[in-house]
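This is what each chain is made of:
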Amino acid sequence: MAVTQSSLTTGQSASDVTSATTASIAPTSNRLVLLAVYHRGTSIPSNPAVISGNGLIWVLVTTGNAGDSPAHLLEVFRAMGSAPSSGTVDISFSGQTQHNIMWSIMEFDGIDTSGTNGSGAIAQSKSTGAFPSATASTTLDSAPAGTSATYGAAQFNVGTSTTSPGTGFTEVHEQSSVGKLVDMETEWRADAVQTISATNTLSANNSMSGIEIKAAAAAAAVPGHGALLSGIRNQVIQRV
C-alpha cells in the first residue's frame, strides 16, 4: 500500500511569547501525524517544545539546530491515535520566551500502524546542521526500504528568502519571518531516498531533519475461485 500525505495546518506566532496555539485540526484515525516546530529562545539554550492537543500523545522524533547555535531549534514530533479529537495544538516551552515559533502539521496514510503513537511508521530519522550554506541536507544512516516514503523539514536563519524542496520532493508548507530572520519549510516524496535536502536563495546557518516513513505491509494474496477449484480437482485425480 502506497503512503499518501495530507496537510493539516501551518502557521507562526507573534513575537516574544511563551507558547503558541495552532488553528484547529481534525486528525484522522490511525494515521501518522508529524508536527515540525521551529523556535528560538530569548535565552540559550532554547527549551525543548512541549506539545499537547487532539487527545494524542506527541513524541519527539528528532531535534536539530542551525549550524552551531543551540538557540535555533527545529524539532519534529509524531502522534497517532485510534480516535483523535478535533481542536487546536498547544506548543509551549516550560515558561521560556521564544523570539519566534513556526509550525507545520501533516498526516500520512498507508503507513505501518504498529507500536505506539506512530512508532511503527518511523523507520529511521536524522538531523544535520550546516554553518553557513544555501543547502540544508541530511543523509539517513541506512538505505530506506523501497516501499517507504520520505519526509523533510528544513530551517534557515535568514529572512526575505525562499526555500525550494530537494529534487523529487514536493513542498507542503513554508513559513518566513523577515523580522526574526528565519525561514522554515517542510516537504515529502512518496518514494524513498536516503538523502533529504532543500535549498534557500541565500546562504545561512541551517538544519534539516529527515524521516523514512514505513509503509503498511502488503496484504497477502488470496487464491481466486479458479485456483481453489483447480487444486480440488488435482487432489481428486491424485486420489483416484
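Since the structure is predicted, the reported quantities are computational estimates derived from the model, not experimental observations.

(A) Molecular detail of the nonpolar core. Counting 25 residues, the largest nonpolar core has Leu-32, Leu-34, Phe-108, Tyr-151 and Ile-213 as the members making the most contacts within it. Sorting the residues of this core by element identifies β3 (32–41), β6 (72–79), β8 (98–109), β10 (149–156), β13 (182–189) and β14 (195–213) as the ones contributing at least two each. The biggest single contributor to this core is β3, with four residues. By size, the runner-up hydrophobic cluster in this structure holds 17 residues, among which are Val-33, Val-37, Val-89 and Ile-91.

(B) Molecular detail of the packing of aromatic side chains. Applying the stated criterion to the full structure yields two aromatic pairs. Measuring from ring centre to ring centre gives 6.3 Å for Phe-108 and Tyr-151, while their planes differ by 85°; the resulting arrangement is edge-to-face. In this pair, Phe-108 sits in strand β8 while Tyr-151 sits in strand β10, placing the two residues 43 residues apart along the sequence. Residue classification places Phe-108 among the buried positions, given a relative accessible area of 0%. On the basis of an interplanar angle of 65° and a centroid distance of 5.9 Å, the ring pair of Phe-108 and Trp-188 is categorised as edge-to-face. Note that Phe-108 is positioned in strand β8 and Trp-188 in strand β13, a separation of 80 residues in sequence. Trp-188 carries the same exposure label as Phe-108, and that label is buried. Aromatic rings pair up to connect Phe-108, Tyr-151 and Trp-188 into one cluster. The side chain of Arg-189 reaches across the aromatic face of Phe-169, ending 5.5 Å from its centre.

(C) Seen up close, the sheet that holds strand β5 (residues 59–65). Spatially, the five strands line up as an open sheet ordered β1-β8-β3-β6-β5, and their pairing is antiparallel. Looking at the sheet topology across the chains shown, the edges are occupied by β1 (4–12) and β5. On average, adjacent strands in this sheet sit at an angle of 15° to one another, irrespective of strand direction.

(D) Main features of the confidence of the model for the protein. Counting all residues, the mean pLDDT for the protein is 91, and 90% of those residues have values of 70 or more. Scored below 50 in pLDDT, residues 236–240 shows zero contacts in the model against residues more than four places distant or in partner chains.

(E) Structural context of unusual backbone geometry. Note the cis peptide between Ile-44 and Pro-45, where omega equals 0°. The phi angle at Asp-16 is positive, at roughly 50°, despite the residue not being glycine. In this fold, Asp-16 is placed in the loop between β1 and β2 (19–21). On the basis of relative accessible area, Asp-16 is assigned to the partly exposed category, the value being 42%. Despite not being glycine, Asn-117 has its phi angle at roughly 55°, a positive value.

(F) Inspection of the environment of Leu-56 at higher detail. Along the chain, Leu-56 falls in the loop between β4 (50–52) and β5. Note on Leu-56: relative accessible area 10%, which makes it buried. The sequence separation of Leu-56 and Met-80 amounts to 24 residues, and the corresponding C-alpha distance is 6.6 Å. Each residue touching Leu-56, except ones within four places of it in the same chain, is listed here: Pro-27, Ala-79, Met-80, Gly-81 and Pro-84.

(G) Focus on the sheet that holds strand β7 (residues 90–92). Strand order in the open sheet formed by three strands is β2-β7-β4, and the pairing between neighbours is antiparallel. Strands with a single pairing partner mark the edges of an open sheet, and in this sheet they are β2 and β4. Averaged over all adjacent pairs, the angle separating strand axes in this sheet is 15°, with direction ignored. In the sheet, β2 pairs with β7 via three bridges, with the strands oriented antiparallel. Bridge pairing in β7 links Ala-20 to Ile-91.

(H) Quick look at the pattern of salt bridges. Enumeration according to the criterion identifies five salt bridges in this entry. Here Asp-109 and Arg-31 are joined by a salt bridge, their closest N and O atoms 3.5 Å apart. In this pair, Asp-109 sits in strand β8 while Arg-31 sits in the loop between β2 and β3, placing the two residues 78 residues apart along the sequence. In this structure, the salt-bridge partner of Arg-189 is Asp-191, at a minimum N-O distance of 2.6 Å. A relative accessible area of 34% places Asp-191 in the partly exposed class.

About the cut-offs
Residues numbered from 1 in each chain as written. Predicted model: local features only at pLDDT ≥ 70, side-chain atom pairs only at ≥ 80, totals over all residues. Heavy atoms only, no water. Core = buried A, V, L, I, M, F, W, Y, C linked by side-chain atoms within 4.5 Å. Buried < 20%, exposed > 50% of the residue type's maximum accessible area, 1.4 Å probe, protein only. Helix = DSSP H or I, 4+ residues; strand = E, 2+ residues; numbered from the N terminus. Phe/Tyr/Trp six-rings, centres within 6.5 Å; stacked < 30°, edge-to-face > 60°. Lys NZ or Arg CZ within 6 Å of the ring centre and 35° of its normal. Pairing = 2+ DSSP bridges. Axes fitted to C-alpha atoms, helices over the stretch in contact; angles between N-to-C directions. pLDDT = per-residue confidence, 0-100. Contact = heavy atoms within 4.5 Å. Salt bridge = Lys/Arg side-chain N within 4 Å of Asp/Glu carboxyl O.

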